[in-house]
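Spelled out from the first residue to the last, the chains are:
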Amino acid sequence: MTSPRVYVIHENPEWLPPLAAAFEAEGVPLEEILLTEESPFGGIDLASPPPPGVYWSRMSASAHTRGNPHAKEYTRAVLAWLQAGGARVVNGNPGASSASGLPVIDLEVSKIAQHLLLSQAGFDVPRTVAVFGRGGLPAAARQFGLPFISKHNQGGKGLGVRRFDSYEEFDAYVDGPEFEEPIDGITLLQEYLVAPSPFITRAEFVGGRFVYAVRVDTSAGSFELCPADACAVPGAEPLFSVRQGFESDPLVARYEAFLAANGIEIAGVEFMETLDGRRVTYDINTNTNYNPDVEASSPVSGPRRIAQFLGGLLAPSLAPVGA
């Protein structure tokens with residue numbers, strides 16, 4: 001029988017090396033469940049129980065952009081198998097006791113679900129209209145003042161995020177060849193938020209507890225804010241740094257309570273402070289990656305904290321019988 005270990009459920013090997021190094025440093029055994037069509041994992045025998053261990057789901061909303069359009073459905077199948085087998089799954093199905101009752105993967109792949117939960121929990125969120133297909137987009141855009149932005153409901157990597165300064169510009173985009181078709185057919189239109197200083201904040205949580213906050217420089221105007229080393233542009237100025245002193249901010253306790261209520265154990269939560277004094281939360285990333293510049297300057301490590309947390313969950317199954 002396979003010895004107990006942590007199994008990471010994912011679809012992008014490029015994001016794994018910093019995490020694998022952290023697990024090795026902490027002495028926690030790690031094994032991949034790579035959910036791509038070419039993966040040797042292949043599938044599941046529904047009559048067999050899951051191997052002993054702790055399972056960590058970190059499927060990405062942007063999997064389809066890497067040629068893995070079925071990865072989220074593969075993940076749903078694996079999570080159903082794990083739940084039926086009584087396995088411990090981090091960022092899995094929180095059950096009916098959660099605020100939403102939704103599996104965490106459903107929050108990862110739907111900004112609508114995130115938006116509604118955040119709003120119900122009392123967080124300030126951007127005004128948003130969800131549009132199905134292309135036909136209703138021009139009329140929906142006119143519900144917003146100028147400028148406004150578009151984005152994909154199943155996003156990540158800044159998918160479909162564009163700023164529009166006129167309705168005519170937007171109409172031409174919708175009718176033209178540059179229109180980015182969302183993988184689920186749902187485009188979100190949102191109010192454009194203006195910050196007094198060009199940055200957003202990403203608060204990182206492991207085991208439902210605050211690790212550190214990251215200040216992300218947005219002065220270049222880009223909406224592609226992936227922190228992973230694999231996303232870095234060679235020679236570019238660092239965009240990510242530790243936001244000092246944030247651990248005492250009231251938002252930390254509110255985010256911790258929100259994550260606990262929804263069964264989310266590992267995540268990055270992004271918010272923006274606006275020129276008119278709002279603090280607007282707009283994204284929950286449940287397959288969070290960690291920036292190497294931040295890791296180099298932070299007194300605590302995100303990947304090491306994950307390895308410690310999951311290793312702690314795994315420890316009881318490693319103990320000898322009768323210990």
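As a starting point, this report considers the structure included with it. On a predicted model such as this, the values are computed, not experimentally measured, just so you know.

The rules we used
- Residues numbered from 1 in each chain as written.
- Predicted model: local features only at pLDDT ≥ 70, side-chain atom pairs only at ≥ 80, totals over all residues.
- Heavy atoms only, no water.
- Pairing = 2+ DSSP bridges.
- Helix = DSSP H or I, 4+ residues; strand = E, 2+ residues; numbered from the N terminus.
- Axes fitted to C-alpha atoms, helices over the stretch in contact; angles between N-to-C directions.
- Buried < 20%, exposed > 50% of the residue type's maximum accessible area, 1.4 Å probe, protein only.
- Salt bridge = Lys/Arg side-chain N within 4 Å of Asp/Glu carboxyl O.
- Arc of directions from axis to C-beta.
- Contact = heavy atoms within 4.5 Å.
- Phe/Tyr/Trp six-rings, centres within 6.5 Å; stacked < 30°, edge-to-face > 60°.
- Lys NZ or Arg CZ within 6 Å of the ring centre and 35° of its normal.
- Core = buried A, V, L, I, M, F, W, Y, C linked by side-chain atoms within 4.5 Å.

1. Notes on the sheet that holds strand S11 (residues 240-242)
Here is step 1 of the chain: Spatial strand order, S11-S10-S9-S12-S13: five strands in an open sheet with antiparallel pairing. Bordering the open sheet on either side are S11 and strand S13 (279-285), each of which pairs with just one other strand. Each neighbouring strand pair of the sheet contributes to a mean axis angle of 30 degrees, computed without reference to strand direction.
Here is step 2 of the chain: Note: strand S9 (residues 199-206) against strand S12 (residues 266-273), six bridges, orientation antiparallel. Its bridge partner being in S12, Thr 201 is matched across the sheet by Phe 271.

2. Digging into the pairing of strand S8 (residues 186-191)
Here is step 1 of the chain: Counting buried positions over the six residues of S8 gives five, a clear majority of the element.
Here is step 2 of the chain: By the bridge criterion, five bridges tie strand S5 (residues 128-132) to S8 in an arrangement that is antiparallel. Residue Thr 128 lies in a different strand from S8, and its bridge partner there is Gln 190.
Here is step 3 of the chain: Relative to S8, strand S6 (residues 148-152) runs antiparallel, the two sharing five bridges. Its bridge partner lying in S8, Phe 148 is registered against Glu 191.

3. Points about the pattern of salt bridges
Here is step 1 of the chain: Throughout the structure, instances matching the rule amount to 20 salt bridges.
Here is step 2 of the chain: Two residues, Glu 204 and Arg 202, come together in a salt bridge whose shortest N-O distance is 2.8 Å.
Here is step 3 of the chain: Arg 202 gets classed as buried once you look at its relative accessible area, which sits at 4%.
Here is step 4 of the chain: Note that Arg 279 is salt-bridged to Asp 249, the shortest N-O span being 2.8 Å. Taken together, the positions of Arg 279 in strand S13 and Asp 249 in the loop between S11 and helix H7 (250-261) put the pair 30 residues apart, joining distant regions of the chain.
Here is step 5 of the chain: A relative accessible area of 29% means that Arg 279 is categorised as partly exposed.
Here is step 6 of the chain: Overall, Asp 249 belongs to the buried group, its relative accessible area being 17%.
Here is step 7 of the chain: Within this structure, Arg 243, Asp 249, Glu 273 and Arg 279 form a network of salt bridges that share partners.

4. Some thoughts on the pairing of strand S10 (residues 209-217)
Here is step 1 of the chain: By the bridge criterion, eight bridges tie S9 to S10 in an arrangement that is antiparallel. Looking across to S10, one finds that Val 206 is bridged to Arg 209.
Here is step 2 of the chain: Hairpin connection, S9 to S10: the antiparallel pair is bridged by two residues, and Gly 207 has positive phi, about 65 degrees.
Here is step 3 of the chain: Where S10 meets S11, three bridges bridge the pair, whose relative direction is antiparallel. When the sheet's bridge partners are listed, Val 216 is paired in S11 with Phe 240.

5. Re helix H6 (residues 167-175)
Here is step 1 of the chain: For H6, every residue scored as buried is listed here: Phe 170, Asp 171, Tyr 173 and Val 174. Buried residues of H6, viewed axially, fall in a sector of 160 degrees; they line one side. Turned more than 90 degrees from where H6 packs its buried face, Glu 168, Ala 172 and Asp 175 sit exposed.
Here is step 2 of the chain: Tucked inside the fold, the buried residues of H6 contact helix H5 (137-141), S6, strand S7 (162-164) and S8.

6. What to know about the packing of aromatic side chains
Here is step 1 of the chain: What the rule picks out here adds up to 18 aromatic pairs.
Here is step 2 of the chain: Arranged with centres 4.9 Å apart and planes meeting at 75 degrees, the rings of Phe 164 and Phe 170 form a pair that is edge-to-face. Note on accessibility: Phe 164 and Phe 170 belong to one class, buried.
Here is step 3 of the chain: Here Phe 210 and Phe 246 contribute two aromatic rings whose centre-to-centre distance is 6.2 Å and whose plane-to-plane angle is 50 degrees, an arrangement assigned as tilted. Taken together, the residues Phe 210 in strand S10 and Phe 246 in the loop between S11 and H7 connect sequence positions 36 residues apart. When sorted by exposure, Phe 210 lands in the same class as Phe 246, which is buried.
Here is step 4 of the chain: Grouping aromatic residues by their ring pairs yields a cluster made of Phe 123, Phe 205, Phe 210, Phe 246, Tyr 255, Phe 258 and Phe 271.
Here is step 5 of the chain: In this arrangement the basic side chain of Arg 163 is found over the ring face of Tyr 192, its NZ or CZ atom lying 4.6 Å from the centre.
Here is step 6 of the chain: Taking NZ or CZ as reference, Arg 215 lies 4.1 Å from the ring centre of Phe 199, over its face.

7. Quick word on the nonpolar core
Here is step 1 of the chain: Of all hydrophobic cores here, the largest spans 28 residues; its most connected members are Phe 23, Trp 56, Ile 266, Ile 306 and Leu 310.
Here is step 2 of the chain: Those elements that provide at least two residues to this core are strand S1 (5-10), helix H1 (17-26), strand S3 (53-57), S9, S10, S11, S12 and helix H9 (302-318).
Here is step 3 of the chain: Residue contributions to this core peak at five residues, all from H9.
Here is step 4 of the chain: Counting 22 residues, the second-largest nonpolar core is a separate cluster that includes Phe 205, Phe 246, Ile 264 and Ala 267.

Geometry only, nothing functional implied.
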